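Here is how the chains run, residue by residue.
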Amino acid sequence: MAPVKEGALLWEPPASLKKQSNMQYYMNWLYKEKALDFKSYEELLDWSVTDIERFWESLWEFFDIKASASYTRVLDERKMPGSKWFEGAKLNYTEQVFRHFTPNDSAIISQSEVRPLDHMTWQELYDKTASFASGLKSAGVKSGDRVVAYMPNITETVVAFLACASIGAVWSSCSPDFGSPTVIDRFKQIEPKVLITVDGYRYGGKDFDRMSTVKEIQNGIPALEKTILLPYLQENPDADTLHEAVLWKQFMAEHKNASLTYEAVPFDHPLWVLYSSGTTGLPKAIVQGQGGIIIEHLKQLVLHMDLHKGDRFFWFTTTGWMMWNLLVGGLLNQSTILLYDGNPGYPSLDTVWKFAEDTEMKVLGTSASFLLACRKNGLKPKEQFNLDKLMSIGSTGSPLPPEGFQWVYENVKSDLWLFSISGGTDVCSAFVTGSPFHPVHAGNIQCRALGSKVEAYDEKGTPITDEVGELVISEPMPSMPLYFWNDEGNERYLDSYFSTYTGVWRHGDWIKINQDGSCQIYGRSDSTINRGGIRMGTSEIYSAVESIKGVTDSLIVDVSNHNGKDFMPLFVVLEKGINLDDTLKNKINKQIKETCSPRHIPNDIYEIQEVPRTLNGKKLEVPIKKILMDVPFEKAVNIDSVGNKKALDYFIDLAKNIN
Ligand SMILES: CC(=O)CC(=O)O
C-alpha cells in the first residue's frame, strides 16, 4: 500500500452514528430546553467558549449532576487562575457513580498477567466500596485526609479510590513499577495517612517483588499511619515486615455489610493529586476538584467519545498516568470499564487485541507508540480477532502520525472511528479530542473540545491558524487545577501556566489549528520527558544517572514524534579514564529503571565532553532538543546566553546524522 498523505480522508462518520450520538442528543436537548439552535459543531463550540457560564450550566443540567445542595452561581469571575465555579453546590464523585446502576451488570472487566479475565458487577463494586470506605473511616480517615496507592490497574484500586472519594478524602496513585525515590518524592509532599499497596507485580512474564520497596516508601513518608497490603503476586507476603500493615482481606472482612454514605463536599473540594515534573525541584503536586472532574469527564467521555451506559470502555494505562483517572471516569456514566495490568506486548502485541475480542470492547484506547509498534511488527488484528463490537480506537500519549492512522484502517477495521486526543495531567482531560460528527484525516486530531478555548499563539501572543504556535487556553475551565500542594502564594502554579501570557493558560505544547478546526500537536514546547504518558522531569533522570560513579554530568532530551521516530537520547560526561562500554550503559539503564521507571530508559547513550549550559549554569535542554529536531540554529539557540558555545558542535553534527 502506498503511504497515506497527511490530511488524507480516511473515514466519515455514518449518518446513524451522528444521529444516535450523545452529541446530537445534547444539541437536540439544547434546542428543546434552551431554544439554542446550533447548525454545526463549530457553532456549538463557538458558543461553548464564548457563553461559558451557560455552557457549563447546560452540562450540569444535561448530565443531571446529583447534588445535595445547589449552586448559587455558575462562575464568580472570568479570571485565570482562581475563578470559582458552582459555588454553594455540594456533591460527591462516588455518589455520581452509584446514582443509578443496574446491580447485575458488569461495572468492571479486568485481566492481568497474574489474574484471568474477570467481571465485577455493579452490586459487587458498590458493596466492596462500602466496606473499604468503612475501613478507612475506622482508620481515622476524614474528609480532606490523603490516601495513596502503590497499586496496579486492578479492581481493588478502583474500589479504594471510590471509597476514598466517598469520604471526601484525597486520592493519589503511583504504579508499582515506580522506584521508591520517585514515589517518595510524590507522596511525601502530601503527607498521606494511609498507603494501599501490593506486594509485587508481574510484567512481561517476570515477577517483581516490591516488599522491600514498600518498606523504603514507608520509611520515606513519616506521616503514614496505616498500610493496607494486597497480596497480588504472592499468596502470603509477610505483612509483618511492614509497619502498621493490615491485609486487604482482613480489612474488608472487618467491614463486611457496611453501608455506603457520601460526604457532601463543595464543588472545589480536592478529589485527587496528580504529578507533573519540570526541570527543577520536586514534581508538581496538582490538585483537582471533585466537581470540576465530574463535569469535565462527563463532557469528554459522553459527548466526545460517545460513551453510553453499559458501553465497554478500555484505555491501556497504569495508575501512574492520568488516563487511569479518565478511564475510571467511565463509571460516572455507568459505562463498563475494562482494566488490563501487564505488558501489552507480552507474550506478543496480540494481547490487547485478544483482550478486545474477549471483552467485546467498544472503545479501545491506547497510546500512539503502541499502535506504531503493532505497525512495525506487521500485525493484522482483523485477520486474527473478531472485533465486530469495536466502534472506535482512541490514541494519546504522543501525536499519532499519518502512518499510524493508515495502519489502523488497513489492519484493524476500515469502518471504525479513530480519534487522537491531547491534553494532559494538568487538567486530567483532553483539550483537543474526538467527535462523532467529524471525519478522520490522517495525522489530524478531529476537533477542539467543547468548553476549551484552545488557541495557537505566536511569540507575540497573537492567535494564528494553519501555523504551529503555543497551545493556550484563553477562558477558564472548571477542571483547571485548584492549586499545587504546598505551593506558597501559588508561585509554582502561576509560573507553570501563566508566566508567558498574563491571564492565559500556556500549556507547554506546540499546536497547529487548521482552517477546518482539526488540529495537530507537535510535542512539548518545554523539555519535560513524556513517555507512555508519564511525565518525568529531567531532573529526576539526572539524579539517577549522576549518582553512578564515573558519570559527572548528563543531559536528556525527548525528540520522539519528530519524523515519527521514538527517540530519547541520553548524553553523559564521564570521568577521565572511564569508558562508555556496555557494562556502564547497562548500569545506567538499570539505575533509571529502578529509581525512575522502565519507561524512562533512553533509546541510546552518547558520551559528550561537556553539557551545553546557559551563562548562569542551566542545562540547555530545549535548545538541544530543537537542534536535534532540525530547527534552524538561529531559531533553536539564543547564542548570547550560552556559556560554553563549543559544546554545541557535537549536537549540530549529531543532528545531521539523525535527520
Ligand atoms: C490526554 C493526554 O494528553 C494524555 C497524555 O498524553 O498524557
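Predicted model only: the values in this text are computed from it and were never measured. (Residues numbered from 1 in each chain as written. Predicted model: local features only at pLDDT ≥ 70, side-chain atom pairs only at ≥ 80, totals over all residues. Heavy atoms only, no water.)

1. Brief notes about the packing of aromatic side chains
For the structure shown, the criterion picks out 51 aromatic pairs. Centroid distance phenylalanine 62 to phenylalanine 63: 5.3 Å. Interplanar angle 65°. Geometry classified as edge-to-face. Given a relative accessible area of 15%, phenylalanine 62 falls into the buried group. With relative accessibility at 7%, the residue phenylalanine 63 sits in the buried group. Grouping aromatic residues by their ring pairs yields a cluster made of Phe38, Trp47, Phe55, Trp56, Trp60, Tyr71, Trp85, Phe86 and Phe267. Note that lysine 619 overlies the ring of tyrosine 542, its terminal NZ or CZ placed 3.5 Å from the centroid. (Phe/Tyr/Trp six-rings, centres within 6.5 Å; stacked < 30°, edge-to-face > 60°. Buried < 20%, exposed > 50% of the residue type's maximum accessible area, 1.4 Å probe, protein only. Lys NZ or Arg CZ within 6 Å of the ring centre and 35° of its normal.)

2. Structural notes on the sheet that holds strand 15 (residues 265–266)
Sheet architecture is open: 3 strands sit in the order 2-5-15, paired in antiparallel fashion. Each end of this open sheet is capped by a strand with a single partner; those strands are strand 2 (67–69) and strand 15. Sheet topology places strand 5 (residues 90–91) next to strand 15; 2 bridges connect them, and they run antiparallel. Across the sheet, the residue bridging to leucine 91 is valine 265, located in strand 15. (Pairing = 2+ DSSP bridges. Helix = DSSP H or I, 4+ residues; strand = E, 2+ residues; numbered from the N terminus.)

3. Comments concerning the packing of helix 2 (residues 22–34) against helix 4 (residues 52–62)
Helix 4 packs onto helix 2 with a crossing angle of 105° between their chain directions and a minimal axis gap of 11 Å. The angle between the axes of helix 2 and helix 4 places the two elements in the roughly perpendicular class. Residues Asn22, Tyr25, Tyr26, Trp29, Leu30 and Lys34 of helix 2 form the contact with helix 4, whose participating residues are Arg54, Phe55, Ser58, Leu59, Glu61 and Phe62. Classifying every residue of the contact of helix 2 with helix 4 by side-chain character gives 7 nonpolar, 2 polar and 3 charged. (Axes fitted to C-alpha atoms, helices over the stretch in contact; angles between N-to-C directions. Parallel < 35°, antiparallel > 145°, perpendicular 65-115°, else oblique. Contact = heavy atoms within 4.5 Å. Nonpolar A, V, L, I, M, F, W, Y, C, P; charged D, E, K, R; others polar.)

4. Concerning helix 22 (residues 649–658)
Listing the buried residues of helix 22 in full gives Phe651, Leu654, Ala655 and Ile658. The buried side chains of helix 22 occupy one side of the element, clustering within an arc of 105° when seen end-on. Relative to its buried face, helix 22 has exposed residues pointing more than 90 degrees away, namely Lys656 and Asn657. The inward-facing, buried residues of helix 22 contact strand 34 (551–556), strand 35 (569–574), strand 36 (604–607) and helix 20 (621–628). (Arc of directions from axis to C-beta.)

5. Observations concerning a negative patch on the surface
Negative charge collects at one region of the surface, where Glu42, Glu43, Asp46, Asp466, Glu467 and Asp516 lie side by side. Mapped onto the elements, glutamate 43 comes out in helix 3 (residues 41–48). With a relative accessible area of 37%, glutamate 43 lands in the partly exposed category. (Patch = residues over 30% accessible without salt bridge, like charges linked within 9 Å, V, L, I, M, F, W, Y side chains within 5 Å. Areas by Shrake-Rupley, 256 points an atom, 1.4 Å probe, with all protein chains shown as cover. Salt bridge = Lys/Arg side-chain N within 4 Å of Asp/Glu carboxyl O. Lys, Arg positive; Asp, Glu negative; His and termini not counted. Charge placed at Lys NZ, Arg CZ, Asp CG, Glu CD.)

6. Re the pattern of salt bridges
The full count for this structure, using the stated rule, is 24 salt bridges. Residue glutamate 61 pairs with lysine 34 through a salt bridge whose shortest N-O separation is 2.8 Å. With glutamate 61 in helix 4 and lysine 34 in helix 2, this residue pair connects regions lying 27 residues apart in the sequence. You can call glutamate 61 partly exposed: its relative accessible area is 34%.

7. Looking at the site of the ligand
If you check the shell around the ligand, you find 11 residues, and the closest are Trp321, Thr396, Gly397, Gly423 and Gly424. Within the side chain of threonine 396, one N or O atom sits 3.5 Å away from an oxygen atom of the ligand. Measuring from an oxygen atom of the ligand, one finds a backbone N or O atom of glycine 397 at 3.2 Å. When the ligand sits alone it has 240 Å² of accessible area, and the protein chains cover 95% of it. Listed by contribution, the elements that provide at least two residues to the shell around the ligand are helix 12 (322–328) and strand 23 (422–424). For the shell around the ligand, the leading source of residues is strand 23, giving 3 residues. Along the lines of polarity and charge, the residues of the shell around the ligand split into 4 nonpolar, 7 polar and no charged. (Near = heavy atom within 4 Å. Polar contact = N/O pair within 3.5 Å; in protein donor to acceptor, adjacent residues only side chain to side chain.)

8. Here we look at the pairing of strand 27 (residues 454–457)
With burial as the criterion, each face of strand 27 is covered, one bearing Val454 and Ala456 and the other bearing Glu455 and Tyr457. Here strand 27 pairs with strand 28 (residues 468–473) via 4 bridges, running antiparallel. If you follow alanine 456 over to strand 28, its bridge partner there is leucine 471.

9. So, the domain arrangement of the chain
If you check the domain split of the chain, you get domain 1 (91–519) and domain 2 (529–658). Using C-alpha coordinates to define each centre, domain 1 is positioned 29 Å away from domain 2. Taking both sides of the interface into account, the surface hidden between domain 1 and domain 2 amounts to around 1800 Å²; carbon and sulfur atoms contribute 48%. Taken together, the links from domain 1 to domain 2 amount to 0 salt bridges. Across the domain 1-domain 2 interface, the total number found is 2 residue pairs in polar contact (both at pLDDT 80 or more). The leading source of residues in the side of domain 1 that touches domain 2 is helix 8 (residues 180–187), at 4 residues. (Domains from an automatic or database assignment. Buried area = accessible area lost by both parts, 1.4 Å probe.)

10. Regarding unusual backbone geometry
In this structure, the amide linkage connecting methionine 80 to the following residue, proline 81, adopts the cis form with an omega of -10°. Positionally, proline 81 belongs in the loop between strand 3 (73–75) and strand 4 (85–87). Backbone torsion omega between tyrosine 346 and proline 347 reads -10°, so that peptide bond is classified as cis. If you trace the backbone, proline 347 turns up in the loop between strand 19 (336–341) and helix 13 (350–359). Here cysteine 428, not a glycine, exhibits a phi torsion of approximately 50°, which is positive. Inspection of the secondary structure puts cysteine 428 in the loop between strand 23 and strand 24 (429–433). Look at cysteine 428 and you get buried, because its relative accessible area is 0%.

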